[in-house]
Amino acid sequence: MKYRKEIDGLRSLAIIPVILFHAGIGGFSGGYVGVDVFFVISGYLITSILVSELDQGSYSMAHFYERRARRILPALFVMLVATLPVAYLLLNPADLIYFAKSLLGSVLFLGNITSYLQSGYFDAASDVKPLMHLWSLAIEEQYYVAFPLLLAALWRLKLTRVFGAILLGSLVSLVFAEMKLGKDPSVAFFFLHSRAWELGLGALLALVMSSQDRGLIKFEIPLFGRQVLAFVGLALIVFAVVAFDADTRFPGVSALVPTVGAALIIAFATQHTVVGQWLGTRYLVGVGLISYSAYLWHQPIFAFARYQSPNHLDQLVLWALIFLTLSVAYLSWRFIEAPFRQKGRVTRKTIASLSLGGIVFFSVVAVMTSAKQGFPDRYPKEFASAFDPFKVKEGKFCVFQKIQNFEDLDFCEFGDLDSTSVVLLYGDSHASSLLGELDQEFKKRKVKGLRVRLLMCDHSIPGMMSGPATSSAIELAGRCLSNLDNLLAFLKLNADAIVVSVRWTAKMYPVPNSVESWAFDNQEGGIEYRKNVSLNLAPSVAGGWSVDGESKKQAVWGFLDKLVATQKRVLVVYPVPEVGWDIPTYNFSTFLQTGKVHSEVSTSYDLYKRRNRFVMDALDDKRLDAIVRIRPDDFFCKVGDASRCMAQVNWQPYYYDSNHLASEGARPIAQEVGKRLTVH
């Protein structure tokens, strides 16, 4: 097919936002949509090549997979080889095991599965996982296992039927993605069946454009129309990059914004248009040419840099890492990608041997690393718990199931499963971090626990919302309140009490003059990192949605009042002290730099009180006197000289990251919950 340099320019429009997003540069909160642009480009180019070969009678699956191997594997294998010694030197045993699983997934093109099993794409933990990004490569390769065979099988039919079959499959995939977003967003994000429609969109575009080139379809859009459509395509991508964030419902219908934008650019941004000419400029084409290598290298470079540093990386360092990424990407393209694509320089036999050999080699390394438990003998055994504190995560701990007759409400069981005394646990991931210790405490006290979730809520406080007040967000907030009615009815009928644990202050951000930052800065070098921070809004008395503090207090009071009105005991866990540092990573990076681990780690108690004053004032209000108050600072901060909040004692971390409690930290809160349940 004819080379179009503006498509390489479009690749640069995809890779640059991805890199800036993962670097955490402001203004690119939706930079992750660059991956979706890549999917459309890939679907278009691959389908165009396959259609051309099918027309000419030169179609060959062997040739197809040879091209894919030349394109994908050499640069991938070189990047993986380079990461192995760095991972061995820098990663603690638990994280090295995660790395090994990702390594195996990457060479077997199951990286989306390993990414799904490890953490969410937007979790802070993903920022220190060197191979997290290879999920998208796995999606493409899984798609291309089946798609060429399907296309070849359908090719004997009329073109309209081929188009219809791909369109139907793509629509089913899109509907599945949208449905999954409300129930398991990680499945929607990482799995092929919810992403296939994006590649399918590129494939449909290729069929249309190929048919037009062959004269099977005849239509002509005037130059002015093409100019406008190309500009609309560019505007859609830019809008998604700057307006989307971690709270955007993605990749369902909202993913149509960047993907349709990419399709419009491919279809109409030729060199006759202003957008096409701009995309065809030397520097954008140059970045597009190295975009695959840049994608491969950016995540391990950022991840290893963050992992070895106990403190937040400043902007200057991040820009230096971006420059390093592009420099390494150029070398990878120049000396690995380009040579291996030339059949005259590297034979098919050599490619086949290297591919098989690489897959076997990396698989053996991954299996051996897992079997050796991440080589813990590299480091003193007494620090093992400091590097990998015991923790329990929902979904791995108990199995969620729908509650009959209560729509969009599910639960998982823990504690004494035979008990008739039932206590609900509600909240966000802070509630989930209590599960393991509550399980032990409830078994002791003969109590059955149910971890409940409101599936139609994007905010822990029903009635509030995260992100801009769009029509769909407002509708979702309304459905969430209806969902709360189901929870209240279930509580009345089936439970004796409910425990509420939420990361309150972050969920209130922003409140003018009270909560000025979503992330926590301990002012001692530990600054919590997150790529995307969304505004939390509450319905205002005057109508509309507001960041006003009074509106947010009313939302909290209204929610807890409804729980109290059920006449069941309502236990509320106050804000857990945040740390700023990811404690296990802080311990390990400290060890790498000094050979030691601090016995104790703590933060300022005064800072905790200032940071959480707004929420504690709301929860302390007399109108909530019916609730049972559980104050984590009683256990973490009112010890020793009472001026510090302990995050680690005797090399035992209370946290498994910067704010979620590990078992050691969750235990005193779980024990207090148990006591307060039995004391009336």
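Presented here is a report on the structure given in the accompanying data block. The written sequence of each chain sets the order in which its residues are numbered from 1. Residues qualify for local features only when their pLDDT is at least 70, as the model is predicted, and side-chain atom pairs are given and counted only at 80 or more; totals for whole chains, interfaces and linings, by contrast, use all residues. Hydrogens are left out, water is left out, and the side-chain values use all remaining heavy atoms of the structure.

1. Here we look at the sheet that holds strand S7 (residues 536-539)
The strand order across the open sheet formed by three strands is S5-S7-S8, and the pairing between neighbours is antiparallel. Each edge of the open sheet is held by one strand with a lone partner, namely strand S5 (465-466) and strand S8 (545-546). Of the pairings in the sheet, the one linking S7 to S8 comprises two bridges and is antiparallel in character. Paired with Pro-539 across the two strands is Trp-545, which belongs to S8. Being paired, for any two strands, means DSSP has found at least two bridges between them. Only DSSP runs of H or I covering at least 4 residues are called helices, and only runs of E covering at least 2 are called strands; the numbering of each starts at the N terminus.

2. What about helix H27 (residues 663-678)?
Helix length check: H27 (16 residues) gives 22 Å between terminal C-alpha atoms against 22 Å at 1.5 Å per residue, within 8%. Each residue gets one of three labels from its accessible area relative to the maximum for its type: buried under 20%, exposed over 50%, partly exposed in between, using a 1.4 Å probe on protein chains only. For H27, the complete set of buried residues consists of Ser-663, Gly-665, Ala-666, Ile-669, Ala-670, Glu-672, Val-673, Gly-674 and Leu-677. Note on definitions: a residue-residue contact is assigned when non-hydrogen atoms from the two residues lie within 4.5 Å. Structurally, H27 contributes buried residues whose contacts are with strand S3 (422-427), helix H19 (435-444), strand S6 (497-501), strand S9 (569-573), strand S11 (628-630) and helix H26 (633-636). By this rule the span expected of a helix is its residue count minus one, scaled by 1.5 Å.

3. Thoughts on the side chain of Glu-66
Topologically, Glu-66 is positioned in helix H3 (residues 61-90). Exposure remark for Glu-66: the relative accessible area of 7% places this residue in the buried category. In protein, a polar contact requires one atom able to donate a hydrogen and another able to accept it; more generally it is a pair of N or O atoms within 3.5 Å, and residues adjacent in sequence count only if both atoms are side-chain atoms. Looking at Glu-66, its side chain comes within polar contact range of the side chain of Arg-348, at 2.8 Å. Ignoring anything within four residues of it in the chain, the contact list for Glu-66 reads Lys-343 and Arg-348.

4. Focus: helix H22 (residues 549-564)
Over its 16 residues, H22 extends 22 Å from the first C-alpha to the last, a length consistent with the 22 Å expected when each residue adds 1.5 Å. Residues of H22 that are buried: Gly-549, Ser-551, Lys-552, Lys-553, Ala-555, Val-556, Trp-557, Phe-559, Leu-560 and Leu-563. Among the residues of H22, the N-terminal cap falls to Asp-548, whose side-chain oxygen and the backbone nitrogen of Glu-550 are separated by 3.1 Å.

5. Things to note about the environment of Ile-351
Looking at the element boundaries, Ile-351 is found in helix H16 (residues 348-371). For Ile-351, a relative accessible area of 5% gives the class buried. Through-space distance from the C-alpha of Ile-351 to that of Val-275 is 38 Å; in sequence the pair is 76 residues apart. Residues within four places of Ile-351 in sequence aside, it is in contact with Ala-69, Arg-70, Phe-340 and Val-346.

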